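# Descriptive structure summary
Letter by letter, the chains look like this.
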Amino acid sequence: MSCNSARRPFTVFVEGNIGSGKSTFLSYFNDFADIFVALEPVHLWQDVNGHNILELMYETPLLWSFAFQSLVQKTMLDIHTAKCSQPVKMMERSLQSGRHVFIENLYRQNVMASAEYTVLTSFYESMLKNFDVNGDLIIYLRSDPEVVYNRMRERGRTEENQVSLEYLKQIHQLHEDWLVRKTVVENLPPVLILDANSSLATMEKEFKKCENIIYSRLN
Ligand code: TTP
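Residues numbered from 1 in each chain as written. Predicted model: local features only at pLDDT ≥ 70, side-chain atom pairs only at ≥ 80, totals over all residues. Heavy atoms only, no water.

Attention now moves to the overall build of the chain. Per the secondary structure count, the chain includes nine helices and five strands. Taken from the N to the C terminus, the helices and strands of the chain come in the order β-α-β-α-α-α-β-α-α-β-α-α-β-α. Relative to its length of 219 residues, the chain is compact, with a C-alpha radius of gyration of 17 Å against a globular reference of 17 Å. A principal-axis box enclosing the C-alpha atoms of the chain has dimensions of 45 × 40 × 35 Å. Counting every position in the chain, which comprises 219 residues, the buried fraction comes to 48%. Taking contacts inside the chain between residues at least 6 apart in sequence as the whole, the part at least 24 apart equals 77%. Here the chain has roughly 10,700 Å² of accessible surface; of this, 51% comes from carbon and sulfur atoms. A gap of 5 Å separates the mean positions of the 22 positive and 27 negative side-chain charges of the chain. (Helix = DSSP H or I, 4+ residues; strand = E, 2+ residues; numbered from the N terminus. Rg over C-alpha atoms; globule rule 2.2 N^0.38 Å. Buried < 20%, exposed > 50% of the residue type's maximum accessible area, 1.4 Å probe, protein only. Contact = heavy atoms within 4.5 Å. Areas by Shrake-Rupley, 256 points an atom, 1.4 Å probe, with all protein chains shown as cover. Lys, Arg positive; Asp, Glu negative; His and termini not counted. Charge placed at Lys NZ, Arg CZ, Asp CG, Glu CD.)

Below, the structure written as structure tokens:
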């Protein structure tokens, strides 16, 4: 990651369900000189000194969810705080979605114990207090769980073999609570909603609209 400016760049979080097309969407912005694109480091979760923590989490969630979500928080914090020379930073996900979607879901589904949830959420509160991890705009790739379920099966990431449609519905609902119903008590930047049910490859117009919004907010 390139490092320079002391001030936080205009920061955009790209959010949406598993398989909603966040990486494809971000790849459109890769070649813009003013934009630093930070893709989610899934590969780091698949190989921590030889340990595939993503796989362990899906195989034995009761045992490994806490370690996995701790790792996600750590890698997300690294991305939030990485300095960049460009005036815009676009991130695939954020500490906020880790907290309000995935950690919340694990706790509500009784996969994560109350004590583990308390440790992770207090760690999250500390990060919010001690670092500037805010976003200026959220782009929400909104999709139907059935659509992303089929996409996820097609892409065939082996760790996700056991992800059910039911699980994707839970993850969808928590995105909706956070970004559409706005039931989470926490500062939320403006949210731009894109319909991500159609293939993102055919959404050139929508991408252009986002590009214009980002540049207009910069001036
Ligand atoms: P996503 O962050 O949804 O990435 P993706 O590759 O599915 O995105 P897209 O197809 O839209 O480009 O999830 C990556 C994997 O990590 C997925 O199996 C869900 C899991 N995950 C968690 O379990 N907890 C978390 O906090 C995060 C961020 C991801």
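A few words on the pairing of strand 4 (residues 137-142). Among the six residues in strand 4, five count as buried, and that is most of the element. Note that strand 1 (residues 10-16) and strand 4 share five bridges and pair parallel. When the bridges of strand 4 are listed, V14 appears paired with I139. (Pairing = 2+ DSSP bridges.)

With that settled, consider the site of the ligand. Around the ligand sit 22 residues in total, of which S23, E40, Y58, R93 and E160 are the nearest. Within the backbone of G19, an N or O atom sits 3.2 Å from an oxygen atom of the ligand. The contact in question runs from an oxygen atom of the ligand to an N or O atom on the side chain of E40, over 2.5 Å. For the ligand, whose accessible area on its own is 600 Å², the fraction buried by protein is 97%. Sorting the residues of the shell around the ligand by element identifies helix 1 (22-27), helix 3 (53-59), helix 4 (61-81) and helix 5 (95-108) as the ones contributing at least two each. Considered class by class, the residues forming the shell around the ligand number eight nonpolar, seven polar and seven charged. (Near = heavy atom within 4 Å. Polar contact = N/O pair within 3.5 Å; in protein donor to acceptor, adjacent residues only side chain to side chain. Nonpolar A, V, L, I, M, F, W, Y, C, P; charged D, E, K, R; others polar.)

Take I35: it is sitting in strand 2 (residues 35-38). Of the residues examined, I35 reaches a relative accessible area of 3% and is grouped as buried. I35 sits 50 residues away from S85 along the chain, and the two C-alpha atoms are 9.0 Å apart. Non-local contacts of I35, meaning those with residues more than four positions away in its chain, are made with F29, Q86, V88, M90 and Y215.

Within the span of helix 7 (residues 145-155), buried status applies to P145, V148 and M152. In a view along the axis of helix 7, the buried residues occupy a sector of 65°, so they form one face of it. The inward-facing, buried residues of helix 7 contact helix 8 (165-179). Residue G156 follows helix 7 closely and has a positive phi angle near 65°. (Arc of directions from axis to C-beta.)

This part covers the packing of helix 7 against helix 8. Each pair of packed helices can be summarised by the angle the axes make with each other and by the distance between the axes. Between helix 7 and helix 8, whose axes approach to 9 Å, the crossing angle comes to 125°. Accordingly, the angle class assigned to the pair helix 7 and helix 8 is oblique. For the pair helix 7 and helix 8, the crossing hand works out as right-handed. Of helix 8, the residues touching helix 7 (which contributes P145, E146, V148, Y149 and M152) are L165, L168, K169 and H172. A per-class count over the contact of helix 7 with helix 8 returns six nonpolar, one polar and two charged. (Axes fitted to C-alpha atoms, helices over the stretch in contact; angles between N-to-C directions. Parallel < 35°, antiparallel > 145°, perpendicular 65-115°, else oblique. Left-handed = near helix turned anticlockwise from the far one by under 90°.)

Applying the stated criterion across every chain yields a total of twelve salt bridges. Where K74 meets D78, a salt bridge forms, and the shortest distance between an N and an O atom there is 2.5 Å. Highlighted residues: K74 and D78, both in helix 4, separated by four residues, approximately one helical turn. On the basis of relative accessibility, which here comes to 46%, the residue K74 falls in the partly exposed class. The exposure class of D78 is partly exposed, given its relative accessible area of 35%. Residue R181 is joined to D177 by a salt bridge in which the shortest nitrogen-to-oxygen separation is 2.6 Å. A residue is classified by how much of its surface remains accessible, and R181, at 45% relative accessible area, is partly exposed. What makes D177 buried here is its relative accessible area of 17%. Taken together, the shared-partner salt bridges connect R8, D132 and D136 into one network. (Salt bridge = Lys/Arg side-chain N within 4 Å of Asp/Glu carboxyl O.)

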